[in-house]
Amino acid sequence: MTLPLLDYPLSSQNQRVAGYEIPGDEQPRIYTANNLPQGTDTDEMIWACYRQVFNEQQLIDRHRQTFLESQLRYGQITVRQFMQGLALSDSFRRLNYDTNNNYRFVQMCIQRFLGRDAYNQRETFAWSIVLATKGLQGFIDELLNTSEYLENFGDDIVPYQRRRILPLRSQGELPFARMARYDSYHRPPLQKLGQLQSFANGGFDEDSQVYRNIIFLLPTVAIAILFITLILILGPQ
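Residues numbered from 1 in each chain as written. Predicted model: local features only at pLDDT ≥ 70, side-chain atom pairs only at ≥ 80, totals over all residues. Heavy atoms only, no water.

Per an unreviewed UniProt entry, the recorded name for the protein chain is Phycobilisome rod-core linker polypeptide, and the organism is Roseofilum casamattae BLCC-M143. Quoted verbatim from the Sequence similarities (unreviewed entry) field of UniProt, the annotation for the protein chain is "Belongs to the phycobilisome linker protein family." The Subcellular location (unreviewed entry) comment attached to the protein chain in UniProt states, word for word, "Endomembrane system". (UniProt positions renumbered as here; feature names shortened; annotations may be inferred.)

Participant: Lay out the overall build of the protein chain with the relevant residues and their values.
Facilitator: A count of helices and strands for the protein chain gives 9 helices and 0 strands. Within the span of the protein chain, comprising 237 residues, buried residues form 33% of the whole. The contacts of the protein chain with a sequence gap of at least 6 include a subset with a gap of at least 24, amounting to 67%. In the structure as shown, the protein chain presents an accessible area of about 15200 Å², 55% of it carried by carbon and sulfur atoms. (Helix = DSSP H or I, 4+ residues; strand = E, 2+ residues; numbered from the N terminus. Buried < 20%, exposed > 50% of the residue type's maximum accessible area, 1.4 Å probe, protein only. Contact = heavy atoms within 4.5 Å. Areas by Shrake-Rupley, 256 points an atom, 1.4 Å probe, with all protein chains shown as cover.)

Participant: Would you mind going over the packing of aromatic side chains in detail, with residue names and values included?
Facilitator: Considering all chains together, one arrives at 12 aromatic pairs under this definition. Plain terms: the ring middles of Phe92 and Phe105 are 5.9 Å apart, the flat faces sit at 55° to each other, and that makes the pair tilted. Residue Phe92 is found in helix α4 (residues 90–97), and its partner Phe105 is found in helix α5 (residues 102–114); the two are separated by 13 residues along the sequence. One exposure class covers both Phe92 and Phe105, and it is buried. (Phe/Tyr/Trp six-rings, centres within 6.5 Å; stacked < 30°, edge-to-face > 60°.)

Participant: Before we move on, can you summarise the environment of Glu44 with the specific residues and values?
Facilitator: Note on placement: Glu44 falls in helix α1 (residues 40–54). When its relative accessible area of 30% is taken as the criterion, Glu44 is described as partly exposed. As a C-alpha pair, Glu44 and Tyr31 span 13 residues in sequence and 8.1 Å in three-dimensional space. Residue contacts for Glu44: discarding those within four places in its chain leaves Arg29 and Tyr31.

Participant: Go over the packing of α4 against α5, please, and point to the residues and values.
Facilitator: One way to put it is that α4 packs onto α5 with a least axis distance of 11 Å and a crossing angle of 125°. Considered as vectors, α4 and α5 are oriented oblique to each other. Here Phe92, Asn96 and Tyr97 of α4 lie close against α5, whose contacting residues are Asn102, Phe105, Met108, Cys109, Arg112 and Phe113. (Axes fitted to C-alpha atoms, helices over the stretch in contact; angles between N-to-C directions. Parallel < 35°, antiparallel > 145°, perpendicular 65-115°, else oblique.)

Participant: Please give an account of α5 that cites residues and values.
Facilitator: In a regular helix each residue adds 1.5 Å, so 13 residues correspond to 18 Å; α5 covers 17 Å between its end C-alpha atoms and thus fits that length. Taken together, the buried positions of α5 are Phe105, Val106, Met108, Cys109, Ile110, Gln111, Arg112, Phe113 and Leu114. Sitting at the amino-terminal end of α5 is Asn101, which places a side-chain oxygen 3.2 Å from the backbone nitrogen of Tyr103. At the exit of α5 stands Gly115, carrying a positive phi of roughly 70°. (Expected span 1.5 Å × (residues − 1). Polar contact = N/O pair within 3.5 Å; in protein donor to acceptor, adjacent residues only side chain to side chain.)

Spelled out as structure tokens, the structure:
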């Protein structure tokens, strides 16, 4: 017997306020299948779906769902069904569901499919119960069939982070799609799934730290070489 979705109080968020901004570069681009011609525009919409579901750090060719892409191109499924198929794919399960606890996974899905943060812990608990009782497919189906999803995105609009930038504010909210930094809680399951490279000495691949050190070191070396060159040129011959 499955439990109904528990009630939870709503909190104040930007996306709950109607917006009257003039469309511009700061507003998110809305990808929709309405009156969409075949070709480049379709490709951009498909990649927008991938970016929304997988985020930038998980976008590699082997995670593509070519069968679903073909169905979307020929109008056999809607954008909502395509998003649903990506969320139920083996790649999404391995990279996101298997490597996170239910609470964190629920928060990620609310961000990626409803375009907002969870209102509070009670909402996270409510959806976690749905995930635990109905499984991954039941949870994704129920999330994408909510009135909130249908009212904001319907069948044809790719979900996006709603009301991230507000007028007359110097800084907007941080985007949801940020590069992950894995602590000791996340590293063991990622290593077990082969998603994190480890070395014989027990260390982990920390290429990003190496790149940051190089970026910091290069200007310092360039300035030192410049000073040495000037000393050699201007010094006594």
